[in-house]
Amino acid sequence: MKNTLLATASAVVLTLLASPAFAKEYTIKEVSNYDKPNKPYYFEPSTLTIQPGDTVKFVNAQDEMHDMMVISQPKGVDEMIMSPMHEKQGDTFSYTFTVPGTYQYHCHPHEKLGMKGTIIVGKPSKPGETKKMDHHKMGKIHDDAMATEAKGATKGNGHSAPLAATPAAQGGIEATGSVKSVNAGEHTVTLVHDPIAALGWPKMTMAFGVAEGVDLSSVKAGDAVTFTLKAKGEDNYVITGIKKK
Ligand SMILES: [Cu+2]
């Protein structure tokens, strides 16, 4: 009798272990850490092994701009796996991985700064079992998303860059773009800036503060411009010069 009960209990436990009810949730932090000037942006942990059915939650660890985009995944997975842009501390994105194999991802704004990670589901993919995802398409989706978010923003921005790692920021970074709007009262300008290699930024629409003394009356919405960005504080840039092309 006792043995039968035990056997039944064991069977129940085994069934539960194999069911999604026992799927785990893992957390990966999107970190900005300026105490590490050589590599201020990273995912923590950057390598994670989980089992099919487990969920990974990406959490923005501070008020900074990060996201997660899978750039290589098992061939059997057709969808694009990407988070919305995270700008605030606590912004999260969760994804349940069901197809075994190796997933590589990065943070789009910090791609060139080496912010990337790997998730292994079950066991790693063998060579030839993964495919690269169309990164430009994904970047475009994000640019559009950010353009929407940038609307109405008048102060500062969520852009972040490693000041210590970009000495150019001290002297000013030259960039190009076009003006979306000028807010003379706030002394800000919203630009669609072209990719800025020095900062690892993709093309984005954003609002920038403009330094005192810069004449904003010379530019208006629709103008193609060249402008100079200078680092201000830890995670912000101001425009120190702007003129029509
Ligand atoms: Cu990032």
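Scroll up for the structure.
This is a predicted model, so every value here is computed, not measured.

Criteria and cut-off values
- Residues numbered from 1 in each chain as written.
- Predicted model: local features only at pLDDT ≥ 70, side-chain atom pairs only at ≥ 80, totals over all residues.
- Helix = DSSP H or I, 4+ residues; strand = E, 2+ residues; numbered from the N terminus.
- Buried ≥ 20, exposed ≤ 12 C-beta atoms within 10 Å, placed from the backbone.
- Contact = placed C-beta atoms within 7 Å.
- Pairing = 2+ DSSP bridges.
- Axes fitted to C-alpha atoms, helices over the stretch in contact; angles between N-to-C directions.
- Core = buried A, V, L, I, M, F, W, Y, C linked by C-beta atoms within 7 Å.

Caption draft 1: Molecular detail of the overall build of the protein chain. In terms of regular secondary structure, the protein chain is built from three helices and 14 strands. Counting the 245 residues in the protein chain, one finds 31% classified as buried. Counting only contacts in the protein chain whose residues sit at least 6 apart along the sequence, the fraction spanning at least 24 positions is 66%.

Caption draft 2: Summary view of the sheet that holds strand β2 (residues 41-44). Spatially, the four strands line up as an open sheet ordered β2-β1-β4-β6, and their pairing is mixed. Two strands lie at the open edges of the sheet, namely β2 and β6 (92-96), each paired on one side alone. The mean angle between the axes of side-by-side strands here comes to 15 degrees, regardless of whether they run parallel or antiparallel. As defined by bridge partners, strand β1 (residues 25-32) adjoins strand β4 (residues 55-60) across six bridges and the pair is classed as parallel. When the bridges of β4 are listed, E25 appears paired with T55.

Caption draft 3: Expanded view of the nonpolar core. By size, the foremost hydrophobic cluster in this structure holds 21 residues, and its most contacted members are V179, V189, F208, F227, L229, I239 and I242. If you list the elements that add at least two residues to this core, you get β10 (173-183), β11 (188-193), β12 (204-210), β13 (224-232) and β14 (236-244). The contacts of L229, once residues within four sequence positions are left out, are G172, I173, A175, Y237 and I239. V70, C107, M115 and V121 belong to the second-largest nonpolar core, a separate cluster that totals 18 residues.

Caption draft 4: Quick peek at unusual backbone geometry. Cis geometry is adopted by the peptide bond preceding P45, which originates at E44 and carries an omega value of 0 degrees. Along the chain, P45 turns up in the loop between β2 and β3 (47-50).

Caption draft 5: Expanded view of the sheet that holds strand β5 (residues 69-74). Pairing is mixed in the open sheet, where five strands are placed in the order β3-β8-β7-β5-β9. For this open sheet the edge positions go to β3 and β9 (130-132), each flanked by a neighbour on one side alone. Strand-to-strand twist in this sheet, taken as the mean axis angle between neighbours without regard to direction, amounts to 20 degrees. Bridge count for β5 against strand β7 (residues 101-106) is three bridges, and the pairing is antiparallel. Each residue of the ladder has a partner; that of M69, found in β7, is H106.

Caption draft 6: Representation of the pairing of β11 in the model. Burial runs high along β11: five of the six residues are buried. Looking at chain direction, β10 and β11 are connected through six bridges and run antiparallel. Residue pairing for β11: S178 is matched across the bridge by V192. Where β10 hands over to β11, the hairpin turn is made up of four residues, of which H187 adopts a positive phi near 55 degrees.

Caption draft 7: Broad picture of the environment of Y42. If you trace the backbone, Y42 turns up in strand β2. Here the alpha-carbon distance between Y42 and L113, two residues 71 residues apart in the chain, equals 9.0 Å. Apart from the residues lying within four places of it in its own chain, the contact partners of Y42 are V31 and M115.

Caption draft 8: Region of the structure containing the environment of K232. Take K232: it is sitting in strand β13. The class of K232 is partly exposed, set by 17 C-beta atoms lying within 10 Å. K232 sits 23 residues away from G209 along the chain, and the two C-alpha atoms are 9.9 Å apart. Those residues within four positions of K232 in sequence are excluded, and the remaining contacts are Y237 and V238.

Caption draft 9: Layout of the environment of S94. Mapped onto the elements of the fold, S94 is located in strand β6. Once the C-alpha coordinates of S94 and K57 are considered, the two residues, 37 residues apart in sequence, prove to be 4.2 Å apart. Residues in contact with S94, not counting those within four places in the same chain, are T55, V56 and K57.

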